[in-house]
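Survey of secondary and tertiary structure
Single-letter residue listing:
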Amino acid sequence: MSHHDALLALALVGTTRGTLPTPDPDPLAQAAAQITRPEAEGTLLARAALHALAHAAGHTPDPPGDPPPAPAPPETLPEVPERAARHLSLVLGTPLLSEWLTLCAQAGWRVLPARLPELLDHASRDSRLRPLLIPVLGERGRWLARFNPDWAFTPPDEDAWDTATDASREALWRRVRERDPHAARDLLRQHLSSERAGSRKRLLGVLLDTLSDDDHSLEPLLDALTTDRSDDVRTLARTALHRLSRSAQNARNAARLAALLNGATPTPDEHAPRDGLPDPTSQDALSSAALLEHLLEHTHPDTLLAALNTTPAALVDLARKHEQLQPLAENAVSTAHPALAAALLPELPTHPFLLQIGPPETLAAAQTQALLDRDPDRLLALFGPHPGPWPPDPSAALLGTLRDTIGTAHYAAAWGYRWAQLAELAATHAHPHTLHPDPLPTDATDYAHRTLTELLGTLELRKQMWTDFGKGRG
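Keep in mind that this is a model prediction, so the values were computed, not measured.

Another point: the overall build of the protein chain. Looking only at helices and strands, one finds 27 helices and zero strands in the protein chain. In terms of principal-axis extent, the alpha carbons of the protein chain reach across some 95 × 65 × 45 Å. Out of the 474 residues in the protein chain, the part that is buried amounts to 44%. Taking the contacts inside the protein chain whose residues are at least 6 apart along the sequence as the reference set, 62% of them involve residues at least 24 apart. Of the roughly 24000 Å² of accessible surface on the protein chain, a fraction of 54% belongs to carbon and sulfur atoms. Each charge sign in the protein chain was given a centre, from 43 positive and 60 negative side chains, and these centres are 2 Å apart.

Here we take up the packing of helix α10 (residues 166-179) against helix α11 (residues 181-191). In contact at an axis separation of 6 Å, α10 and α11 are set at 145° when each is read in the N-to-C sense. Note on element contacts: α11 touches α10 through P181, A183, A184, R185, L187 and L188, opposite W173, V176, R177 and R179. Each residue belonging to the contact of α10 with α11 can be placed in one class, and the counts come to seven nonpolar, no polar and three charged.

Turning our attention to the nonpolar core. Counting 55 residues, the largest nonpolar core has L344, L398, L402 and W415 as its most contacted members. In this structure, A84, W109, A123 and L133 belong to the second largest nonpolar core, which totals 33 residues.

A few words now on helix α22 (residues 360-373). Turn by turn, an α-helix covers 3.6 residues, leaving residues three or four places apart pointing in a common direction. The terminal C-alpha atoms of α22 lie 20 Å apart, and with 14 residues this matches the ideal 20 Å at 1.5 Å per residue to within 8%. Those residues of α22 lying buried are L363, A366, Q367, A370 and L371. All buried residues of α22 fall inside an arc of 135° around its axis, so they share one side. Facing away from the buried surface of α22 by more than 90 degrees, the exposed residues are E361 and L372.

Their axes nearest at 9 Å, the elements helix α15 (residues 248-261) and helix α17 (residues 301-308) cross at an angle of 45°. Relative to α17, the element α15 is oriented oblique. Crossing of α15 over α17 shows right-handed handedness. Listed contacts from α17 to N250, A251, A254, L257, A258 and L261 of α15 are T303, L304, A307 and L308. Within the contact of α15 with α17, the residues separate by chemical class into eight nonpolar, two polar and no charged.

Here we take up the pattern of salt bridges. If you walk through the whole model with that rule in mind, you get 31 salt bridges. Between D468 and R86 there is a salt bridge; the shortest N-O distance is 2.9 Å. One end of the pair, D468, is in helix α27 (residues 446-468); the other, R86, is in the loop between α4 (82-85) and α5 (88-91), and 382 residues separate them in sequence. In this structure R86 comes out as partly exposed when scored by relative accessible area, which is 42%. One salt bridge in this structure joins R196 and D166, with 2.6 Å as the shortest N-O distance. Of the two residues, R196 sits in the loop between α11 and α12 (197-209) while D166 sits in helix α10, which places them 30 residues apart along the sequence. For R196, a relative accessible area of 59% corresponds to the exposed category. Here the salt bridges do not stand alone but share partners, grouping D223, R252, R256, D269, R274 and D275 into one network.

Counting buried positions over the 10 residues of helix α7 (residues 116-125) gives seven, a clear majority of the element. Among the residues of α7, those classed as buried are L116, P117, L119, L120, D121, H122 and A123.

We now examine a nonpolar patch on the surface. A contiguous nonpolar patch, built from L8, L12 and V13 and spanning about 320 Å² of accessible area, is present on the exposed surface. With respect to the helices, strands and loops of the structure, L12 is situated in helix α1 (residues 3-13). Residue classification places L12 among the exposed residues on the basis of a relative accessible area of 71%.

Attention now goes to the side chain of D269. Following the sequence through the fold, D269 ends up in the loop between α15 and α16 (288-298). Residue contacts for D269: discarding those within four places in its chain leaves R256, D279 and P280.

For the rest of this paragraph, the subject is the packing of aromatic side chains. Counted under the stated rule, the structure contains five aromatic pairs. Between W415 and Y447, the ring centres sit 6.4 Å apart and the planes meet at 70°, which makes this aromatic pair edge-to-face. Pair noted here: W415 is in helix α25 (residues 412-415) and Y447 is in helix α27, with a separation of 32 residues, a long-range link. The two residues W415 and Y447 agree in class, both being buried. When the ring centre of W466 is taken as origin, the NZ or CZ atom of K471, which lies over that ring, is 5.2 Å away.

Looking now at unusual backbone geometry. Residues G388 and P389 are joined by a peptide bond in cis, for which omega reads -5°. By the element assignment, P389 lies in the loop between α23 (376-383) and α24 (392-406). The backbone of R374 sits at a positive phi, close to 50°, despite the residue not being glycine. Secondary-structure assignment places R374 in the loop between α22 and α23.

What counts and what doesn't
- Residues numbered from 1 in each chain as written.
- Predicted model: local features only at pLDDT ≥ 70, side-chain atom pairs only at ≥ 80, totals over all residues.
- Heavy atoms only, no water.
- Helix = DSSP H or I, 4+ residues; strand = E, 2+ residues; numbered from the N terminus.
- Buried < 20%, exposed > 50% of the residue type's maximum accessible area, 1.4 Å probe, protein only.
- Contact = heavy atoms within 4.5 Å.
- Areas by Shrake-Rupley, 256 points an atom, 1.4 Å probe, with all protein chains shown as cover.
- Lys, Arg positive; Asp, Glu negative; His and termini not counted.
- Charge placed at Lys NZ, Arg CZ, Asp CG, Glu CD.
- Axes fitted to C-alpha atoms, helices over the stretch in contact; angles between N-to-C directions.
- Nonpolar A, V, L, I, M, F, W, Y, C, P; charged D, E, K, R; others polar.
- Core = buried A, V, L, I, M, F, W, Y, C linked by side-chain atoms within 4.5 Å.
- Expected span 1.5 Å × (residues − 1).
- Arc of directions from axis to C-beta.
- Parallel < 35°, antiparallel > 145°, perpendicular 65-115°, else oblique.
- Left-handed = near helix turned anticlockwise from the far one by under 90°.
- Salt bridge = Lys/Arg side-chain N within 4 Å of Asp/Glu carboxyl O.
- Patch = residues over 30% accessible without salt bridge, like charges linked within 9 Å, V, L, I, M, F, W, Y side chains within 5 Å.
- Phe/Tyr/Trp six-rings, centres within 6.5 Å; stacked < 30°, edge-to-face > 60°.
- Lys NZ or Arg CZ within 6 Å of the ring centre and 35° of its normal.

Right, dumping it as structure tokens:
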């Protein structure tokens, strides 16, 4: 038990039932032990206050004689104005914190220095907040994070790569990637092959999140990783090569598909293992159907269309005849290919992820029909994948449907958990400037009034946040 925890335990039972704990040998506990007050309660509170202060500072006392740390560099970003900062205390620990940090970064501001320890603590517990917090930390935030191992996810300087943790290297590479993609690719070429498997997975994950056509120059590096010792690293490298339409892996897969469709006799294939396939002449060779499924799912649509000299509609027709529409749909989603998604939607009209990347009017029509049918499962599938904010019109239509369906429900189970999920999703994803629905009827239940009031209150708070950050209707 740490000295802080021992103080907390004594506070819970009372100083009349215990004695002040013996301090640990670490510098902070030793510094606390120097604090005394006339009463035991006062001593306990003063020592606890020192622990709290050290935590807020992100730093434990240095041994006597050590020089103090260098001060933080001058700030380069303006501090968030009070009008925009006023809501931060309300959204801390809620799903709205992500939106507040995003708005702050878009405005080009940094957070208040007094809030840095709280925000770093939240991000240390929730990795999804880290890439949102890092751009608004400012120089003092990055400086402060160096003093607490729990805050080691913040990106160090580029010359500190060798001593950084896996999480810090991921954050560092993400920051370089955002600022200078060319430099980020050079950094990856320099370090990736010598990283541990866990770090390679992290860096490849960020690469996949931000992959662009310019990353074709990384193909030799990715190709080398297709024979990596780690299954996960091999899979991530193949996925990246799949999404790069001009990769040699895609060209080989397209040639294999053409040969399969022409009924050619399998021949030895030295590249098959690195492409995630058994050699076609081995005893582990895939059946024709399994090979067709793999190739339709793992070959970039542009490469397939060029190799087969065909159209998206004809490719969909081929997949339908061989009962392989789902693998082709997975391919369209993985590569975010709008033309193939549009060609697939007549065959798979309710596929929620195809609808997200297909023509916007098709998604809007599917949402309208699901609202008319009052089908919460389909609504969740159609609205859920959209990161938000949703456009105002479908947002308003969904709020109206929530209002119309909740009136007589006394609790979530009576309304239906899917509807309750939709209400929670709408609170954080609906457009904040959405027009509110008509008031509930007078005979609506307390649960209905409470739920709708909370939903509309959250939307109003988000609307004020948008206004304070100067975002308007977006």
